[in-house]
Amino acid sequence: MNSETRLVEVRTRILKDNDVTARELRQRFRESGVYVVSVVSSPGAGKTLFLEKTLTALRQRYRVAALVGDLATENDARRLAQADVPVRQITTGTVCHLEAKMVQAALGDWNLGNLDFLFIENVGNLVCPATYDLGEASRVVLFSVTEGEDKPRKYPTIFHTADLAVITKMDLAEAVEFDADQARASVQAVRPDMPMLELSAKTGQGMATWLEWLDRRSGRGGNPPPR
Amino acid sequence: MHELSIALKLLDIAAEECERQGGVSVETIHVRLGALSGVVQEALLSAFEAARQGSRLAQAALRIEDVPVRVYCRSCQSEQTAESLPLLCCGRCGTASGEVIAGLELELTALEIAVPSRPASFPVPEGSEVP
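All of these numbers come straight from a predicted model, not from anything done at the bench. Residue numbers run consecutively from 1 along every chain, following the written order of its sequence. Chain labels run from A onward and ligand labels from 1 onward, assigned in the order the entries are written. pLDDT decides what is reported in this predicted model: residues at 70 or higher carry local features, side-chain atom pairs at 80 or more are listed and counted, and totals for whole chains, interfaces and linings draw on all residues regardless.

A word on the overall build of chain B. Each helix is a run of DSSP H or I of at least 4 residues and each strand a run of E of at least 2, with the numbering of both proceeding from the N terminus. Scanning chain B for helices and strands turns up two helices and six strands. When the helices and strands of chain B are placed in sequence order, the string is α-β-α-β-β-β-β-β. When burial is assessed residue by residue, chain B has 36% of its 131 residues classed as buried. By the criterion used throughout, residues are in contact when their C-beta atoms, derived from the backbone, lie within 7 Å. Sequence separation of at least 24 residues holds for 67% of the intrachain contacts in chain B that already meet a minimum separation of 6. Burial is judged by counting the other C-beta atoms within 10 Å of a residue's own C-beta: 20 or more makes it buried, 12 or fewer makes it exposed, and any count in between marks it as partly exposed, with every C-beta position built from the backbone.

Facing 31 residues of chain A, the contacting portion of chain B comprises 35 residues. Listed by contribution, the elements that provide at least two residues to the side of chain A that touches chain B are β1 (3-13), α6 (156-161) and α7 (180-190) of chain A. The element contributing the most residues to the side of chain A that touches chain B is β1 of chain A, with eleven residues. Under the scheme applied, nonpolar residues are Ala, Val, Leu, Ile, Met, Phe, Trp, Tyr, Cys and Pro; charged residues are Asp, Glu, Lys and Arg; polar residues are all the others, including Gly. Looking at the side of chain A that touches chain B residue by residue, the classes come out as 14 nonpolar, nine polar and eight charged. Pairing of β1 of chain A with strand β6 (residues 106-116) of chain B, which is carried by nine bridges, proceeds in the antiparallel orientation. Paired with E4 of chain A across the bridge in β6 of chain B is V115 of chain B. Two strands are said to pair when DSSP picks up at least two bridges between them.

UniProt positions are given in the numbering used here, feature names are shortened, and annotations may be inferred rather than shown by experiment. Using the residue numbers shown here, the UniProt feature "binding site: Ni(2+)" (unreviewed entry) corresponds to H2 of chain B. One can find H2 of chain B in the segment before α1 (3-20). For H2 of chain B, the contacting residues outside a window of four places in its chain are C96, H97, C128 and T131 of chain A.

A separate point is the UniProt feature "domain: CobW/HypB/UreG nucleotide-binding" (unreviewed entry) in chain A. Per the UniProt record, "domain: CobW/HypB/UreG nucleotide-binding" (unreviewed entry) is found at residues 36-197 of chain A. In this annotation, residues 36-197 of chain A is assigned 30% helix and 22% strand; the end-to-end C-alpha distance for the span is 20 Å.

What follows concerns helix α2 (residues 41-52) of chain B. All names here are of chain B. The terminal C-alpha atoms of α2, which comprises twelve residues, lie 16 Å apart, in line with the 16 Å expected from a rise of 1.5 Å per residue. Those residues of α2 not exposed but buried are L44, A47, F48, A51 and R52. The buried residues of α2 occupy one face: seen down the axis, they fall within an arc of 120°. Turned more than 90 degrees away from the buried face of α2, the exposed residues are E42, E49 and A50. Following α2 by one or two positions, G54 has its phi on the positive side, about 80°. A helix is expected to span 1.5 Å for every residue after the first. Taking the helix axis as origin, the arc is that swept by the directions to the C-beta atoms.

For the rest of this paragraph, the subject is the confidence of the model for chain A. One number per residue, pLDDT, summarises how confident the predictor is, and it ranges from 0 to 100. Mean pLDDT over chain A: 91, with 96% of residues reaching 70 or higher. Low pLDDT, under 50, characterises residues 223-227 of chain A; the predicted model gives this stretch 14 contacts beyond four residues in sequence or across chains.

Next up on the list: the sheet that holds strand β5 (residues 100-102) of chain B. All names here are of chain B. What the three strands build is an open sheet, ordered β4-β3-β5; its pairing is antiparallel. Strand pairing shows two members of the sheet lacking a second neighbour, β4 (78-81) and β5, which therefore form its edges. Here the average twist between neighbouring strands, direction ignored, is 40°. Note: strand β3 (residues 70-73) against β4, four bridges, orientation antiparallel. Directly across from R70, in β4, lies its bridge partner T81. Every angle, taken between N-to-C directions, lies between 0 and 180 degrees, and every axis is a line fitted to C-alpha atoms, over only the stretch in contact when it is a helix.

Set out below in structure tokens:
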């Protein structure tokens, strides 16, 4: 068959499907009155302990739950369940990030109206999660003192999509000669005016500031939950 | 490495659009890729190579247009190309800026598709059969 070449303008976001699902999720979250926070970091930055302490502190005052993404195992879900709040695990298999559809599937018919806060722990990865909107209201990026002060300069995109940077494992700062000023400068270089805080989930340092940020940001108001 | 899922998505969108347009095959897929999109051009190209094998679009080529980061500079009060990544500074005066105007693109802009030629509107002379 004879054919000719035709140029067709398409102009579509490649991840349009994900964006559409994320928009639906965001609307569902808003209508249910649940404030959704996603947490991203490289593997081993301390997401799970950070969330464990956060959930424990918040549940004194709020109804909270979590979704946890991992390539394999349900270890993190088991750990978070110790905070005595509802937790669901998403195992992604070989996929290195969460997508909106996975969140939607994991939520199923969960009655979100019963919740004040829902946390989504992404797969440990500072690259791919940046590209996928999950419908969250806030995204928090963690990096630990053991990873080096220049982490933000190496992974600018994720810092760009996040609303708060948290430096974790501050209890180890001295041992690894962590330079907080340099780390702060790294964050501000890739994302001027980005709010950030220093924290140790182990000792509790910075937890109150983090919970205050969350209260303010979510508009939940009230006093920060007791530590 | 999410480039493979993006390559697969590209092939899906292209195949669907080609069918919608009555095309028989996709020759070229044009993509705009922002420097802050989180997708690495080289990785996307090799993922695409792998993904197109055995697909309906095995012959399709991928053309990527890089989109540099542009920021709004509060000092210059204008839109400027960012100086260098990952530091987002105005290329003109060096002031740090978090207001990104361009550079997040991850977009399929256009397709070159093969469509059946329109039948000739005049009779083809005998003996000059088109191959």
